[in-house]
Amino acid sequence: MAARVSVELVAPGIFVWRDDDHVETFHCVRDGEVVHLFWRGTAYRLEADGESSRSAHRVVPGALEAPMPGRVIAVRVEPGQAVTKGQELLVVEAMKMENALRAPRDGTVKSVAARPGDMVSPGVVLVELE
Amino acid sequence: MFAKVLIANRGEIAVRVARTCRVMGIPTVAVYSEADRGALHPREADEAVLVGPAEAARSYLDIDAVLAAAKRTGADAVHPGYGFLSQNADFAEAVLRAGLTFIGPPPDVHRAMGDKQAARRRMAASGVPVVPGYEGDDQSDGALLAAAREVGWPVILKPSRGGGGKGMRVVRSAEDFPSALAASRREARGAFGDDRMVLERYLEKPRHVEVQVLGDTHGHLVHLFERECSIQRRHQKIVEETPSPALTPERRAALCAAGLAAARAAAYVNAGTVEFLLAPDGSFYFLEVNTRLQVEHAVTEAITGLDLVRLQIEIAAGKALPFGPDEVSAQGHALECRLYAEDPDHNDRPAPGRVLHYAAPEGPGIRFDSGVVAGSEVTVHYDPMLAKLVTWGRDRGEAVARMRAALRRTVVLGVTTNLARLQAIVDHPAFRAGALHTGFIEEHLAAPAPPVGPPPEALAAAHAALRLSRGAGSPEAAASDPWETLGPWRLA
């Protein structure tokens, strides 16, 4: 039944797991509220799923955020414009690659908070849909 | 031999070049941008010079700044690596004008091969097979659309002065053509400062194969066999190997002969690569010549036992090739996987961040060339490749088995990587059967794998690990710590 398990820290971020018939190395580091775990060939990002760990990040319905840090190189829509699902709203360039921000559904553009040339960070709301 | 080599690059390749120079007893100078103050490559060289701000155009691509660094440090040769200025004829020329040696082909070779239209014409005239396409001077939207119609859908748009997949787009209908053309031009302008386009018939399910060539300044030209680089995303290679599992000895000989013919037509000097598309029927077509060391050169090194950077340096120093055309033999099979900080589940978007923890795989037949270490910052400014994992085996099966095992011991924590995708590729039955083509990922691995949580014992291990790590932490911090409460976890 319940195996006797021990975990030992052998070097920064490197641990050894031992149970009755098994010994193996795994890797684990913590970065704020995120824990990075490497276990049997796979990397996992974990967060504690509790009240205290909820991120400061507010989710606004219809808000479309920058997918990654980069520069806005094209804005294709303006407030009041009707858009269809999949339509390109604006384009962010990062690491020399263009990434289009597309409408997740049909709707009307409520606001556009970016202009070509703006540097944006992930989480910044660029377009709001109604 | 050179007194000092300046390495005009960053990351993995800068580190790799510095290592060969060290073996050869040649001091090195690294250049770095403000974003790379803490990077690995300046530490791997004997000296390091700050050449500008994070933005590549004002640092790694700033010819004057790079040459000023060479002058200040007394370097008498420049190795450009790959990417950045490596295929820039003006840079090669400026290096020569400054009285230094450029470790690579002469400027006119860069110029002739960098202009893909001229290169195709020259190859076609030399009897090297080329894909049907358009390379005309009329670059109007109308002319390009008409050409696409004539070549036949699907077509692929490519920047005339490009490389690395940037600005390339496959277009399947006249309807999609205008927006694809506009986007390709924009990317080409941004990346290469030139938005002229070449257009070609897009072959369905082709393989990407390429021939490594080496030419010295005494008129000797040899090939070092082929590489197959069919596994690509966004038209960029991520898994490469040699020999190609698709070629019979006869087709291999024909391909390598065509590669040599192309290099001869280009009057090639130093290390270069002639790229071809290989159709399912065994026919192959010239794509382009890469006038630089390739990212994937290490697989060729693995089967030949040669150090291509060393050969590049010796050729640049005026030495004759140390072997003749039939004196290089290949042994076994080699694979390369490129480890990127990118998110395969979200359109391969780059995933910047800090590498918190890093461990390289070890074992027989494993080589790990990395540009980062634990603590390195992966920024938005540059290509997000972290490292190249190369395995060698007596045959393809052994090389694949070693790669599969090595990928399970490649630990990168802190940034999202394509590790799981690389594992999925080499684990795939089609990959293990050698049934490759450039649409392999779209065909076999398009659907993102559903997020799978860690098994219960892994969570238990993580909890125990955190408790151990926290030993040194302050009690106040621990009191308000969400990790103290062993609540449910979720994948972040």
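Residues numbered from 1 in each chain as written. Chains lettered and ligands numbered in written order. Predicted model: local features only at pLDDT ≥ 70, side-chain atom pairs only at ≥ 80, totals over all residues. Heavy atoms only, no water.

**Q** It is not clear to me how the overall build of chain A should be interpreted in this structure. Could you clarify?
**A** When its secondary structure is counted, chain A shows zero helices and 13 strands. In chain A, the succession of helices and strands from N to C terminus is β-β-β-β-β-β-β-β-β-β-β-β-β. Scored against the burial criterion, the 130 residues of chain A give a buried share of 39%. Surface exposure of chain A reaches about 7,100 Å², of which carbon and sulfur atoms provide 49%. (Helix = DSSP H or I, 4+ residues; strand = E, 2+ residues; numbered from the N terminus. Buried < 20%, exposed > 50% of the residue type's maximum accessible area, 1.4 Å probe, protein only. Areas by Shrake-Rupley, 256 points an atom, 1.4 Å probe, with all protein chains shown as cover.)

**Q** In this structure, what is going on with empty space enclosed by the protein? I would like to understand it.
**A** Over the atoms rolls a probe the size of a water molecule, and its path tells where empty space is left. Residue and element names in this part refer to chain B. According to the stated counting rule, one finds two cavities of 30 Å³ or more in the structure shown. Estimates place the volume of the second largest cavity at around 40 Å³. Pro80, Ile103, Arg292, Leu293 and Gln312 are the residues nearest the centre of the second largest cavity, which is lined by 13 residues in total. Looking at the lining of the second largest cavity residue by residue, the classes come out as five nonpolar, seven polar and one charged. (1 Å grid on protein atoms, 1.4 Å probe; cavity = no way out; pocket = protein on both sides within 12 Å on 5 of 7 lines; lining within 4 Å. Points joined across faces, edges and corners; volume = space filled by probe spheres on them. Nonpolar A, V, L, I, M, F, W, Y, C, P; charged D, E, K, R; others polar.)

**Q** It is not clear to me how the sheet that holds strand β7 (residues 155–159) of chain B should be interpreted in this structure. Could you clarify?
**A** Two strands in a sheet stick together by hydrogen bonds in their backbones, pointing the same way (parallel) or opposite ways (antiparallel). Residues and elements named next belong to chain B. Pairing in this open sheet of four strands is antiparallel, and the strands run β6-β9-β7-β8 from one edge to the other. Single-partner strands in this sheet number two, and they are β6 (133–134) and β8 (169–171). Relative to strand β9 (residues 197–201), β7 runs antiparallel, the two sharing five bridges. Counted as the bridge partner of Val155 is Arg201 from β9. Of the strands in this sheet, β6, β7 and β9 touch helix α6 (residues 116–125), which is tilted by about 45° from β9. Most of the contacts of helix α7 (residues 141–151) go to β9, to which it runs at about 15°, and overall it touches β6, β7 and β9. (Pairing = 2+ DSSP bridges. Contact = heavy atoms within 4.5 Å. Axes fitted to C-alpha atoms, helices over the stretch in contact; angles between N-to-C directions.)

**Q** Got a minute to help me understand the packing of helix α1 (residues 11–24) of chain B against helix α11 (residues 308–316) of chain B in this structure?
**A** For any two helices packed against each other, the geometry comes down to the angle between their axes and how far apart the axes lie. Residues and elements named next belong to chain B. Between α1 and α11, the least distance of the axes is 9 Å, while the angle of their chain directions is 65°. Considered as vectors, α1 and α11 are oriented roughly perpendicular to each other. Pair α1 / α11 crosses with right-handed handedness. Between α1 and α11, the residues in contact are Arg16, Val17, Thr20, Cys21, Val23 and Met24 and Leu308, Val309, Arg310, Ile313 and Glu314, respectively. Residues belonging to the contact of α1 with α11 are distributed by class as follows: seven nonpolar, one polar and three charged. (Parallel < 35°, antiparallel > 145°, perpendicular 65-115°, else oblique. Left-handed = near helix turned anticlockwise from the far one by under 90°.)

**Q** Before we go on, may I ask you to explain the interface of chain A and chain B in this structure?
**A** Often, the extent of an interface is quoted as the loss of accessible area upon association of its parts. In this assembly, 44 residues from chain A lie in contact with 51 residues from chain B. Note on chain A versus chain B: buried area summed over both sides is about 4,300 Å², and carbon and sulfur give 66% of it. Counting across the chain A and chain B interface gives one salt bridge. A:Arg40 serves as the salt-bridge partner of B:Glu457, at 3.3 Å between the closest nitrogen and oxygen. Our enumeration of links across chain A and chain B arrives at three residue pairs in polar contact (both at pLDDT 80 or more). Counting residues per element, the ones that place at least two in the side of chain A that touches chain B are β1 (6–11), β2 (14–19), β3 (22–31), β4 (34–39), β5 (42–48) and β10 (97–102) of chain A. In the side of chain A that touches chain B, the residues fall into 25 nonpolar, eight polar and eleven charged. (Buried area = accessible area lost by both parts, 1.4 Å probe. Salt bridge = Lys/Arg side-chain N within 4 Å of Asp/Glu carboxyl O. Polar contact = N/O pair within 3.5 Å; in protein donor to acceptor, adjacent residues only side chain to side chain.)

**Q** I'm lost on the side chain of B:Glu241 in this one. Help?
**A** All names here are of chain B. Counting through the fold element by element, Glu241 comes out in strand β12 (residues 236–242). Overall, Glu241 belongs to the buried group, its relative accessible area being 2%. Reaching out from Glu241, the side chain makes a polar contact with the side chain of Arg396 at a distance of 2.6 Å. Contact partners of Glu241, with chain neighbours within four places excluded, come to Arg227, Glu228, Val299, His333, Ala334, Leu335, Arg396, Phe431 and Leu436.

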